[in-house]
Structures are given as C-alpha cells and as structure tokens.
Amino acid sequence: MDIPVAMTAPAAGHVADAPGATIGAPAPLLVAYATQTGIAELHARDTCRALQAAGVPTRLLDFDSLSLPMLHAADRALFLVSTSYDGDPPDMAEAFNRDAMGRSAQLAHLRYGLLMLGDSYYDDFCGFGRRLQRWLQASGARPLFEPVAMDDEDPAALQRWRVGIGATVLR
Ligand SMILES: Cc1cc2nc3c(=O)[nH]c(=O)nc-3n(C[C@H](O)[C@H](O)[C@H](O)COP(=O)(O)O)c2cc1C
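The numbers attached to residues start from 1 for each chain and follow its sequence in the written order. In keeping with the predicted nature of the model, local features appear solely for residues at pLDDT of at least 70, side-chain atom pairs appear and are counted solely at 80 or more, and the whole-chain, interface and lining totals rest on all residues. Each side-chain value is worked out from all heavy atoms of the structure, with water and hydrogens disregarded.

Identification of the chain as Flavodoxin-like domain-containing protein from Cognatiluteimonas weifangensis is taken from an unreviewed UniProt entry.

**Remarks on the packing of aromatic side chains**
Spelled out, the test is: We call Phe, Tyr and Trp rings a pair once their centres come within 6.5 Å, taking the six-membered ring for Trp, and we label the pair stacked below 30 degrees between planes, edge-to-face above 60, and tilted otherwise. The way it works is that DSSP assigns letters per residue, a run of H or I at least four long becomes a helix, a run of E at least two long becomes a strand, and they are numbered from the N terminus. Summary of the burial criterion: residues with accessible area below 20% of their type's maximum are buried, those above 50% are exposed, and those between are partly exposed, where the area comes from a 1.4 Å probe applied to protein chains only.
This model, assessed by the stated rule, comprises seven aromatic pairs. Plain terms: the ring middles of F63 and F128 are 6.3 Å apart, the flat faces sit at 80 degrees to each other, and that makes the pair edge-to-face. One end of the pair, F63, is in the loop between β2 (58–62) and α2 (68–73); the other, F128, is in helix α4 (residues 127–138), and 65 residues separate them in sequence. The pair formed by F63 and F128 is uniform in burial state, with each residue classed as buried. The structure contains a cluster of three or more aromatic residues connected by ring pairs, namely F63, F79, F96, Y112, F128 and W135.

**Describing α4**
Heads up, the rule is: Expected span, for any helix, means 1.5 Å times one less than how many residues it has. The contact rule is simple, with two residues in contact once any of their heavy atoms fall within 4.5 Å.
With twelve residues, α4 extends 16 Å between its outermost C-alpha atoms, agreeing within 8% with the 16 Å of an ideal straight helix rising 1.5 Å per residue. If you check which residues of α4 are buried, you get G127, F128, G129, L132, Q133, W135 and L136. Buried-residue contacts for α4 involve β1 (29–34), α2, β3 (76–82), α3 (94–100) and β4 (111–118).

**With respect to unusual backbone geometry**
With a phi close to 55 degrees, C126 is a non-glycine residue in the positive phi region. Positive phi outside glycine occurs at D152, with the angle close to 55 degrees. Residue position: D152 is located in the loop between β6 (148–151) and α5 (155–168).

**Some thoughts on the site of the ligand**
Put simply, the test is: Consider each residue's heavy atoms; a residue with any of them within 4 Å of a molecule or strand counts as near. Throughout this description, a polar contact denotes any pair of N or O atoms lying within 3.5 Å of each other; where both atoms belong to protein, one of them has to be capable of donating a hydrogen while the other can accept it, and for residues adjacent in sequence the pair is counted only when both atoms sit in side chains. Definitions used throughout: a 1 Å grid over protein atoms alone; a cavity as a set of points that fits a 1.4 Å probe which cannot get out; a pocket as an open set with protein on both sides within 12 Å along at least five of seven lines; a lining residue as one with an atom within 4 Å of a point. Should more than half of a molecule's atoms lie within 2 Å of a pocket's or cavity's grid points, that molecule is taken to sit in it. Only Asp, Glu, Lys and Arg are considered charged in this grouping, and only Ala, Val, Leu, Ile, Met, Phe, Trp, Tyr, Cys and Pro are considered nonpolar; every other residue, Gly among them, is considered polar.
Of all residues adjacent to the ligand, which total 19 residues, the nearest are T35, Q36, T37, T83 and C126. One nitrogen or oxygen atom from the main chain of D119 is found 3.1 Å from an oxygen atom belonging to the ligand. According to the grid-proximity analysis, the pocket containing the ligand is the largest pocket. Looking at the shell around the ligand, the elements that each hand over two or more residues are α1 (39–53) and β4. Partitioning the shell around the ligand into residue classes produces seven nonpolar, nine polar and three charged.

**Some details on a negative patch on the surface**
The line we're drawing: Patches here are clusters of residues that have more than 30% relative accessible area and form no salt bridge, with a 9 Å joining cutoff for like charges and a 5 Å cutoff for nonpolar side chains (Val, Leu, Ile, Met, Phe, Trp, Tyr). Each accessible area is a Shrake-Rupley result for a 1.4 Å probe, and residues are judged covered by the shown protein chains and nothing else. Within this document, salt bridges are pairs made up of a side-chain nitrogen of Lys or Arg and a carboxyl oxygen of Asp or Glu, the two lying within 4 Å of each other. A residue counts as positive if it is Lys or Arg and as negative if it is Asp or Glu; His and the chain ends are not included. Throughout, a charge is located at the NZ atom of Lys, the CZ atom of Arg, the CG atom of Asp or the CD atom of Glu.
A cluster of like negative charges, contributed by D64, D86, D88, D91, E94, D123 and D124, occupies part of the molecular surface. Tracing the sequence through the fold places D91 in the loop between β3 and α3. Looking at D91, the relative accessible area reads 40%, which means it is partly exposed.

**Digging into the environment of P57**
Its location among the elements puts P57 in the loop between α1 and β2. P57 sits 27 residues away from L30 along the chain, and the two C-alpha atoms are 9.1 Å apart.

**Overview of the environment of T168**
Tracing the sequence through the fold places T168 in helix α5. By relative accessible area, which is 15% here, T168 ends up buried. Residues T168 and L144, spaced 24 residues apart in sequence, show a C-alpha to C-alpha distance of 6.4 Å. Only 2.6 Å separates the side chain of T168 from the backbone oxygen of G164, close enough to count as a polar contact.

See below:
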C-alpha cells in the first residue's frame, strides 16, 4: 500500500493492553481483520506495513483474537472485514458478532476506520461490514473518515481507504 510521502507525521492510537506497551510510549494502533479467504488479511497487512513505514506502530490481530476490553482500551482502531455466506460474518468473526455485537457497547471514546470487503453480485452487499458499522455507531464510536465499501477488488475503493488513513491517522 502506497501512502504519499507527505503524509508521514507519526500519530498513534493507544491500546492499553498492547504487548510491550510502556507508560509514556505511544501504544500501537489496533488493526483488526475478519477474513474468509484471505483478502482482508492481505489488505490489513499492507495497511500495517504502510503505517509502520510512516512511523506509526500497529498491532495486527484477527477477529478471533479481538475482544470488547481491547476496544474499551483503544482510542483508535482500523477494521477490515469481509462478508461471507448470505451476508454473514467470516467464521473467525462469528464469536465477536454473537457475543460482543449482540448489544451496543460503550465506545464513545473510540474513533475508527472501516474497510468493508464484499461483492455486489450477492444480495446482502457487505452485510457484515454494514452490521459492524451500525454496531459501532450505536455504541457511540465515531468514524475517522467515511467507511469504505469495496466491491470485489475495486481499486477506487482501496484508494479511498488509503486517502482516509493518510488524512486522519497520518495527519
Ligand atoms: C461463499 C461466498 C459467499 C459470499 N457472500 C457474500 C455476501 O453475502 N455479501 C457480499 O457482499 N460478499 C459476499 N462474498 C464476497 C466476499 O466478501 C468477497 O469476495 C471478499 O473480497 C472476500 O474477502 P476475504 O477473502 O477477506 O474473505 C462471498 C464470497 C463467497 C466465496
């Protein structure tokens, strides 16, 4: 992922329970992905690489490892999630979808970026991503930039994701 060189001022989110976090040091920015066939993970890894190259420490994790306490402790997070089956979450996000997203949480402190991967061939386009977006909104979290719905591998959507990160996280 190419982030313009001009967008290199480091700024980091804070994740209190990040491994190796020390008092006073910038904590890694949470980057969480939910994938069924690997594409969201690839984009999450690219995003982390670009952020780290710009001096922003990141913590990459999948939705199987994501917990509500992590989101309570974070002030910023990036989510990259696909939709599988009939508008449902990928297998690795089933537990989070059922347990954490079963009702709204207290996330008014949280600002987030959201890349929703899907395919408009399916009836429920980006169904899980939109469900995550509704839950984040209902929980009081605010978007860093307009959530991005990516139809298949639409390069324009990926560009909106990159620009959104460049204008907010790397500002
Ligand atoms: C069996 C199957 C079911 C899918 N169902 C949906 C769906 O309901 N809605 C949607 O927007 N995309 C759906 N997709 C498309 C995927 O979300 C899309 O290909 C995405 O890029 C996959 O990302 P991933 O590799 O990170 O899982 C489906 C794909 C497969 C293979």
